[in-house]
Structures are given as C-alpha cells and as structure tokens.
Amino acid sequence: MPENNLYYIYIDSKIEGTIDQLMGYFQANIFHPEDCICIYFKFYKDIEKYIKNKFKSTSIRIKFIRKNSDLHFIPNKVVFYLFNAQSNCRIVAHRELTHIFVTHGESHKLASIKPIIRIYDFVISSGQVGIDRFLKAGIFNLYNIQEEQRIILMGNTFIGQHHYQYDVNSDSLLYAPTWEGGISSENYSSIGKRTQEILAQLIHKNGIKTLYIQMHPNLGHRDKKYIQYLKKMITHLSKLNIKIELIKSTLKFKDHLTFIGYQLSLSSKMRHLKIKAAVTDISAMEMQLISENIPTVVLYYSDRLNNLIIPNRIKYLYSIEKSIDFNNFNNLDLSLRAAEVEQHKSYLISYQKSELLEMTFRKRISWLCHYAHQKKVQVQQHYLDAF
C-alpha cells in the first residue's frame, strides 16, 4: 500500500452539518488530499450545490454517486465511513477493500451503538470506554475484540477538534449544546428554560463575563423550533450584562437575521479561546473537552438515561441525581467534575500502540490504513486455514 492514495471516504447524507464535520477532519489535517483517493457522495439534488461550494477551493477529489456503476475502487485500499446509512451496505459488499467506521466523534449517544456497525471490518474508538460500550450493547463479543481486534483505539484522533483552552483565571464560559437529533427518541439537546437557569447560576457564581455558545451544525435540521428556543435563551441571558458570542462552522445570511444584535463568529477563525469551564450535552463535544482537561458539566434529562449504554465504570457520572430534572446545580463544584474525569482519562482516551501518541494526525491515519489492511488479511488467512 503506497504512502499516498491510501483511502476513500463514503458519505450518504442530506444534512449540511455532516459536510461541515467532514471538512473539519481535513482542516485538522487528519484526512489529507494527497492520501484521499476520492470522497464519494451519494447524490442528492438538495445538497449537491452545498458540497460543490464547500470543496471547490480545495484539491480534495470528490464524486457524486447516482448509481452503483459510478463507483470505482482500487483493490486493497481502505474506505472510511463517518455516518451510518443503508447505502453503506452496498459499499461494504466490496470485499477487496478494508472498511473502517470512524464515526464523527466519541459519545454515549444511541447512534454510537447501532447494530449496523457490525457490517464494517473495523470500528474506531477513543479508548477502552468504547470497547466496553460495544460489549455492553451486544454489538461485539470478546472474540471480536480479542482475536479479530475489530475495535481499534485511536485516542483523540477522531473525537473532533475545537479551539478552547482551559485557564483557571479565565472569566469565559462555553455552552455547546447538541442538536435535536434525527428522531425524537435520540434528542439529547439541553436547549431550554431550565438550562438557561443553570447557565445563569454558573455565570453568577463563577464571575463569568463572556459566554461562548457553539451551535451544533445540525441544529434545527429536524425541528426548526430549536433555533427559536436557543434565541429565547440568549435573549434572557443577555440581561445578565455579559458578552455573548455565537460560534458556528458555517455562517449564512439567515443566521445574521435570526441572531441580529449578537456577535457571530466562524469556528474556523477562532484560535485558542481561554475558558474557565464548559457546559455541554450527551454528545461528541463532551469527549473533546475532556481531552483538553476542561472542567465540563454534562446536561441531560433523566428520561434519556434509559436508552443510553454507558459502561459501568463511569455510569455514576450520569446518575439520575445529576440530571437536569433532579440536580439544582447550586452547589456545583467545577473542580470536582474535572477531578472525576481526570481519574478516568486513560480509560476514555488511549491508543492501540503507544507510539501513536507521538505521531501527527496524518501519520496516524497512514498507520491505521496499513494496520487494518494487514489485520484483515491475517484474519482471513486464519479462517482459510481453519476450514
């Protein structure tokens, strides 16, 4: 497998936010144009223009797939998948390739443990937490893990990137809510009046002067009312005499109309924002913040805990008593939350090989392509020898 032209990426999605998240991997130099043979997008007329505009000023090769005959693969290469979709099954049927599901971040969301994940040759996790989550959900068994090594630990490689830094002396707070989910049963967003009250408490108690609100790129895709819910929160929080800055991956004209009077910034333009703490939801953002040792408050409603698969080792961090419904947050100790997470850091973020930690993101992906391909060949040979 040559050093360049290592892999393909396949995306089947109509959501603009998924394209923003994919571009984020290239901007962070995790994926690289010289290594990516082509990004195959399943063709949807309503998102074609957005994709073309997103990639037109790059050297990244893309192609829209209207029918199966549009697909052309070089044998013995890798295909990366960021999102689950039914059409992924057609691509996985190309057994001359190695298929790796990297997801678009590490989280406890139900979407992280869909049974379809079994179709891929390998799945990426940030650490042992992902292995335990898959085992507890029954997606994989111990043989899959120990003998086939179908889950590969890549630490902070695919958890997503941001521009926040922890500073105990900072007077800034981050609120990073997730979106309302593709279906109502997978809605983990905390946006609403109760969260507005919690943020007001934290702002007052910690002497916060600036509130950064990082909007999820998919916010309002399924339910546009969540944009208005957030706007209502901001209107009330602005009365606390603080600076509020909204951060988005893509800014459109309608964003300036919706949030008129408030500062809007592109996430790609932000650099090294120092914050005292962060508030987020059950989402991939949680692991990003933990990776940077930022004291993080995770908000969730108690009725959402029933459908989450959280490994036993850290389940106490997500108890009903700590939910939005039951916790009054008056005595919230940010340093205690940071200490609780720190004691599990190596459980949450670890690597298949220790040397990965010292590699650049791009070199990690090169290593991953070679490792996964060789491992697949070994496993296939093992089965051939057995039968």
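These numbers come from a predicted model, not from an experiment.

Novice: Residues and numbers for the side chain of Asp121, please.
Specialist: Among the structural elements, Asp121 can be located in the loop between strand S5 (98-101) and strand S6 (122-125). Residue Asp121 is classed as buried on the basis of its relative accessible area, which comes to 11%. Of note is the side chain of Asp121, whose polar atom sits 2.5 Å from the side chain of Arg95. Asp121 has contacts with Arg95, Leu97, Thr98, His99, Arg150 and Lys376, leaving out every residue within four places of it along the chain.

Novice: Explain a nonpolar patch on the surface to me, using residue names and the numbers behind them.
Specialist: A cluster of nonpolar side chains, Tyr143, Tyr383 and Phe387, forms an exposed patch at the surface whose accessible area comes to about 390 Å². On the secondary structure map, Tyr383 appears in helix H12 (residues 361-386).

Novice: Break down helix H9 (residues 284-291) for me, citing the residues and quoting the values.
Specialist: Residue pairs spaced three or four apart in an α-helix point in one direction, given the helix's 3.6 residues per turn. Burial within H9 is extensive, with 8 of its 8 residues counted as buried. Downstream of H9 by a residue or two, Asn293 has a phi angle that is positive, lying close to 60°.

Novice: Can you lay out unusual backbone geometry for me, pointing to particular residues and giving the numbers?
Specialist: Phi is positive for Gln149, which is not a glycine, with a value near 50°. Position of Gln149 among the secondary structure elements: in the loop between helix H5 (142-146) and strand S7 (151-153). A relative accessible area of 22% means that Gln149 is categorised as partly exposed. For Asn241, which is not glycine, the phi torsion reads 60° and is therefore positive.

Novice: Got a sec to walk through the layout of surface pockets? Specific residues and values, please.
Specialist: Roughly 570 Å³ of internal volume is contained in the second largest pocket. What lines the second largest pocket is a set of 25 residues, among which Glu16, Leu219, Gly220, Lys252 and Lys254 lie closest to the centre. Among the secondary structure elements, those contributing two or more residues to the lining of the second largest pocket are helix H1 (16-27), helix H2 (45-55) and helix H8 (253-258). Grouping the amino acids of the lining of the second largest pocket by side-chain chemistry returns 8 nonpolar, 8 polar and 9 charged.

Novice: Go over the sheet that holds strand S11 (residues 243-248), please, and point to the residues and values.
Specialist: Pairing in this open sheet of 6 strands is parallel, and the strands run S12-S11-S10-S9-S14-S15 from one edge to the other. Whereas interior strands pair on both sides, the edge strands pair on one side only; in this sheet they are strand S12 (263-266) and strand S15 (296-299). The mean angle between the axes of side-by-side strands here comes to 20°, regardless of whether they run parallel or antiparallel. When S11 meets S12, the two strands line up parallel, connected through 4 bridges. Within S12, the position partnered with Lys248 by the bridge is Leu266.

About the criteria used
- Residues numbered from 1 in each chain as written.
- Predicted model: local features only at pLDDT ≥ 70, side-chain atom pairs only at ≥ 80, totals over all residues.
- Heavy atoms only, no water.
- Helix = DSSP H or I, 4+ residues; strand = E, 2+ residues; numbered from the N terminus.
- Buried < 20%, exposed > 50% of the residue type's maximum accessible area, 1.4 Å probe, protein only.
- Polar contact = N/O pair within 3.5 Å; in protein donor to acceptor, adjacent residues only side chain to side chain.
- Contact = heavy atoms within 4.5 Å.
- Patch = residues over 30% accessible without salt bridge, like charges linked within 9 Å, V, L, I, M, F, W, Y side chains within 5 Å.
- Areas by Shrake-Rupley, 256 points an atom, 1.4 Å probe, with all protein chains shown as cover.
- Salt bridge = Lys/Arg side-chain N within 4 Å of Asp/Glu carboxyl O.
- 1 Å grid on protein atoms, 1.4 Å probe; cavity = no way out; pocket = protein on both sides within 12 Å on 5 of 7 lines; lining within 4 Å.
- Points joined across faces, edges and corners; volume = space filled by probe spheres on them.
- Nonpolar A, V, L, I, M, F, W, Y, C, P; charged D, E, K, R; others polar.
- Pairing = 2+ DSSP bridges.
- Axes fitted to C-alpha atoms, helices over the stretch in contact; angles between N-to-C directions.

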